[in-house]
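Structural description and commentary
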Protein chains: 2
Amino acid sequence: MARLSGYVRLWEAGRIQSSPYVRIVHESPSTAVVDGDRGLGLVVGPYAMEVAIEKARQVGTGWVSVKNSNHFGIAGSHAMKALGHDMIGIAMTNASALVAPTFSVERMLGTNPIAVAIPSGNEAPFVADFATTTAANGKLEILQRKNEDAPLGWVQDKEGNPSTNASEVRQGGALLPLGGDREHGSHKGYALGSIVDIFSGILSGASYGPWVPPFPAYVPIPENMPGEGIGHFFGAMRIDAFRPAAEFKDHMDHWIRRFKEARPAKGHERVLVPGEPETEFEKERMEQGIPLLGPVEEDLLALGNKWGLTLRKS
Amino acid sequence: MARLSGYVRLWEAGRIQSSPYVRIVHESPSTAVVDGDRGLGLVVGPYAMEVAIEKARQVGTGWVSVKNSNHFGIAGSHAMKALGHDMIGIAMTNASALVAPTFSVERMLGTNPIAVAIPSGNEAPFVADFATTTAANGKLEILQRKNEDAPLGWVQDKEGNPSTNASEVRQGGALLPLGGDREHGSHKGYALGSIVDIFSGILSGASYGPWVPPFPAYVPIPENMPGEGIGHFFGAMRIDAFRPAAEFKDHMDHWIRRFKEARPAKGHERVLVPGEPETEFEKERMEQGIPLLGPVEEDLLALGNKWGLTLRKS
């Protein structure tokens, strides 16, 4: 919801096509490349994930790389589409460059998230969905609004020095790959972000690295883009292409329960399994509704007014 | 080489079968489960990777989960088998539990490495190969020998407190997932290690989590193992199942050159691309030979003597 007016501005600037002709342009039994025709990733992504699922139904797994797309929202929501088919779902996307590789002062990669959703039986499914940076950009924006410092290891300044200034990225600095610095494994976060960039951008023919088009409509598109638009990568693996789904799900339940029962460290109530906090939030919000921050609500009301929609403030 | 006598001890203890009947026990056009019949992973892995490559040749991609295996050596060496076929190679493995999930004092995961090898044209290939922990256990062993402290973020003590004691893991402590602590994204490293465990262990029917059999032959096998042996997961994706390989490789060269040219931070000569240091080492060692540490050389000589082999010290 917070991004809706940003999407509209991209559409107004002619960068998002509202009725795209999304289609497969290359395929094999287990793979496809989808051309998003400059559609919004929220439209292109579900199409591509559906192709991956259909291929998995046919030959066990399906893998779809997407070009010529835009922001696709929440990676995990695409990956989770596979769960109801007793499949593992995978989703990732590249994004405009805010992240400096290890030893670099230049921003070369986006926050390039990876999501993996794995079916379970009685337990809530395993859903991991994370940016390949120490912290997502949204977390820095929250600190900026509160005028608070960021922990060391989240950002560097424009010379590449460690910094706690939450506004560093706006001042020529950069987000840091997961790990933070070389001593703590930032080369691994850098490698992960790179893999997402290559699977999403280079396998499909989308743009990549420092040439990925930016999200804000007022930031110009990079010159000499080596490919078309933003890239995504989706995967679906049918569980019973490996072993009977019921057996797998029993073992997933066993895995999840064992990890939940791990002895917690002092000061922590319990150990969480990836996706568990979100499952709890989902339940709560299905009952109580989705809280919107004041500025987001104002933004949506203004957008509604502009386009002649009647929205009622809660 | 440093692990050879460990492999022999596992064989002497009856935990590794020297002539395993490695075979496919379940398959679909793009997937297989391989039973390693308690063979050494260094034997089972290449078989399974070959199955993945053959399936990729047929239907675009191949994905093989392996049970009933043992230590498979260097993840990257398996992934790199795909490169000569113009395929992307992926390899991962679970391992005995040394790593505490975020908020846990219990060790639940191995260092569970991931390797991804991506073909290029004129540039050296992109090869990422990393443990899903802040630091691999081998790095701690080096510090122990030198009697030096570990950086904060590598290990915790047996109560879950941050520690710089490089011997902490031997004293009931644990390695930490990539990220180190929650504030620096350790839940992401924990999720990655979990994904490796599930793809390797639960998809195949191998053991998983805290029940993965240990490497040292003197450590007893866990009770109530939920599966058979150690698990691996291999993948191969044929480039031209997505786009013409020559086009892809041109763009990979472009990607690699651009990242190598990124402006370095003060105090660093240049930005490295994943696999670059290893490519340089390989070249040097093909010319000058592979240096062995004194204790490794002694260990190999003792092993040779025990089995009546004549080895000559260099």
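Right above here is the structure, for reference.
Residues numbered from 1 in each chain as written. Chains lettered and ligands numbered in written order. Predicted model: local features only at pLDDT ≥ 70, side-chain atom pairs only at ≥ 80, totals over all residues. Heavy atoms only, no water.

**A closer look at the relation of the copies chain B and chain A**
What counts here: The atoms used to superpose the copies are C-alpha atoms, taken from residues with pLDDT of at least 70 in both, and the fit is least squares. Contacts between residues were defined by any pair of non-hydrogen atoms, one from each residue, lying within 4.5 Å.
Of the transformation placing chain B onto chain A, the axial shift is 0.0 Å and the rotation is 180 degrees, giving an RMSD of 0.0 Å. Here the transformation between the copies is reduced to the relation of a two-fold axis. Nearest to the rotation axis, the C-alpha of Gly179 of chain B is located 2.4 Å from it, this being the minimum over chain B. A symmetric contact is evident, with 99% of the interface residues of chain B recurring at the interface of chain A.

**Quick word on the sheet that holds strand S9 (residues 174–175) of chain A**
Residues and elements named next belong to chain A. We apply this condition: Any two strands between which DSSP finds at least two bridges are classified as paired. Helix and strand definitions here come from DSSP, where helices need a minimum of 4 consecutive H or I residues and strands a minimum of 2 consecutive E residues; each element is numbered from the N-terminal end.
If you trace the three strands from one edge of the open sheet to the other, you get S8-S7-S9, paired in antiparallel fashion. Strand pairing shows two members of the sheet lacking a second neighbour, strand S8 (162–163) and S9, which therefore form its edges. The sheet contact formed by strand S7 (residues 155–156) and S9 spans two bridges and is antiparallel. Across the sheet, Val155 pairs through a bridge with Leu175, a residue of S9.

**Observations regarding the pattern of salt bridges**
Going by this rule: What makes a salt bridge here is a side-chain nitrogen of Lys or Arg within 4 Å of a carboxyl oxygen of Asp or Glu, nothing more. Exposure is judged per residue with a 1.4 Å probe applied to protein chains only, and the accessible area is read against the type maximum: over 50% gives exposed, under 20% gives buried, and values in between give partly exposed.
Across all of its chains, the model carries 26 salt bridges over all chains by this definition. Here Glu12 of chain A ties to Lys306 of chain A by a salt bridge, and the two come within 2.6 Å at their closest N and O atoms. Here Lys306 of chain A lies in helix H8 (residues 294–306) and Glu12 of chain A lies in helix H1 (residues 4–12), a separation of 294 residues in the sequence. Take Lys306 of chain A: its relative accessible area is 53%, and that puts it in the exposed class. Arg57 of chain B is paired through a salt bridge with Glu54 of chain B; the nearest N and O atoms lie 2.5 Å apart. In this pair, Arg57 of chain B and Glu54 of chain B both sit in helix H2 (residues 41–59), three residues apart, roughly one turn of the helix. Accessibility expressed as a relative area gives 39% for Arg57 of chain B, which makes it partly exposed. Salt bridges sharing common partners tie together Glu123, Arg257 and Lys260 of chain A.

**Structural notes on the interface of chain B and chain A**
Keep this limit in mind: Buried area adds together the accessible area that both of two parts lose upon being put together, with accessible area traced by a 1.4 Å probe. Under the rule applied, a polar contact is a pair of N or O atoms within 3.5 Å (in protein, one hydrogen donor and one hydrogen acceptor; residues adjacent in sequence only if both atoms are side-chain atoms).
Listed per partner, the contact involves 90 residues of chain B and 90 residues of chain A. Taken over both partners, the interface formed by chain B and chain A buries close to 7,300 Å², and the fraction arising from carbon and sulfur atoms is 69%. Here Arg258 of chain A ties to Glu106 of chain B by a salt bridge, and the two come within 2.6 Å at their closest N and O atoms. Linking chain B with chain A are 36 residue pairs in polar contact (both at pLDDT 80 or more), by the criterion used here. With 11 residues, helix H5 (residues 186–202) of chain B is the single largest residue contributor to the side of chain B that touches chain A.

**A look at the sheet that holds strand S7 (residues 155–156) of chain B**
For sheets, the rule is that strands pair by backbone hydrogen bonds, running either parallel or antiparallel. Residues and elements named next belong to chain B. In spatial order, the strands read S8-S7-S9; together these three strands make up an open sheet with antiparallel pairing. With one partner strand each, in any of the chains shown, strand S8 (162–163) and strand S9 (174–175) form the two edges of the open sheet. Where S7 and S8 come together, two bridges link them in antiparallel fashion. Looking at the pairing, Val155 lines up with Ser163 of S8.

**Some points on the packing of H1 of chain A against H8 of chain A**
All names here are of chain A. Note the following rule: Note on definitions: angles span 0 to 180 degrees between N-to-C directions of axes, and those axes are lines fitted to C-alpha atoms, for helices only across the stretch in contact. Here the word oblique covers every angle except those under 35 degrees (roughly parallel), over 145 (roughly antiparallel) and from 65 to 115 (roughly perpendicular).
In contact at an axis separation of 9 Å, H1 and H8 are set at 40 degrees when each is read in the N-to-C sense. By the criterion of interaxial angle, the relationship of H1 to H8 is oblique. Here Leu4, Ser5, Val8 and Glu12 of H1 come into contact with H8, specifically with Asp299, Leu300, Leu303 and Lys306.

**Some thoughts on the packing of helix H6 (residues 245–260) of chain A against H5 of chain B**
In plain terms, the rule: Note: crossing handedness is left-handed where the near helix turns anticlockwise from the far helix by less than a right angle, and right-handed where it turns clockwise. Gly counts as polar in this scheme, as do all residues outside two lists: the nonpolar Ala, Val, Leu, Ile, Met, Phe, Trp, Tyr, Cys and Pro, and the charged Asp, Glu, Lys and Arg.
At a closest axis distance of 11 Å, the pairing of H6 of chain A and H5 of chain B adopts a crossing angle of 145 degrees. Read as a crossing pair, H6 of chain A and H5 of chain B show a hand that is right-handed. Contact residues: Phe248, His251, Met252, Trp255 and Phe259 of chain A in H6 of chain A; Tyr190, Ser194, Asp197, Ile198 and Ile202 of chain B in H5 of chain B. Broken down by class, the residue content of the contact of H6 of chain A with H5 of chain B amounts to seven nonpolar, two polar and one charged.

**Some remarks on the pairing of strand S10 (residues 230–238) of chain A**
Residue and element names in this part refer to chain A. Among the nine residues in S10, nine count as buried, and that is most of the element. Here S10 shows a buried face lined by Ile230, His232, Phe234, Ala236 and Arg238 and a second buried face lined by Gly231, Phe233, Gly235 and Met237. In this structure, strand S3 (residues 61–69) lies alongside S10, joined through seven bridges in antiparallel fashion. Across the sheet, Thr61 pairs through a bridge with Met237, a residue of S10.

**What to know about the environment of Ala48 of chain B**
Residues and elements named next belong to chain B. Here Ala48 lies in helix H2. The sequence separation of Ala48 and Val66 amounts to 18 residues, and the corresponding C-alpha distance is 7.3 Å. What Ala48 contacts, discounting residues up to four positions off in sequence, is Val34, Val64, Val66 and Phe234.

**Things to note about the side chain of Lys67 of chain B**
Residues and elements named next belong to chain B. Within the secondary structure layout, Lys67 lies in strand S3 (residues 61–69). At 3.1 Å, the side chain of Lys67 forms a polar contact with the side chain of Glu228. Not counting residues within four places of it along the chain, the set of residues in contact with Lys67 comprises Val25, Val34, Asp35, Gly36, Ser204, Gly205, Ala206, Glu228 and Ile230.

**Description of helix H7 (residues 276–288) of chain A**
Rule in force here: To estimate how far a helix should reach, multiply one less than its number of residues by 1.5 Å.
Between its terminal C-alpha atoms H7 of chain A stretches 18 Å, which fits the 18 Å expected from 13 residues at 1.5 Å a residue. Positioned one or two residues after H7 of chain A, Gly289 of chain A has a phi angle of 85 degrees, which is positive.

In short, geometric facts, not functional conclusions.
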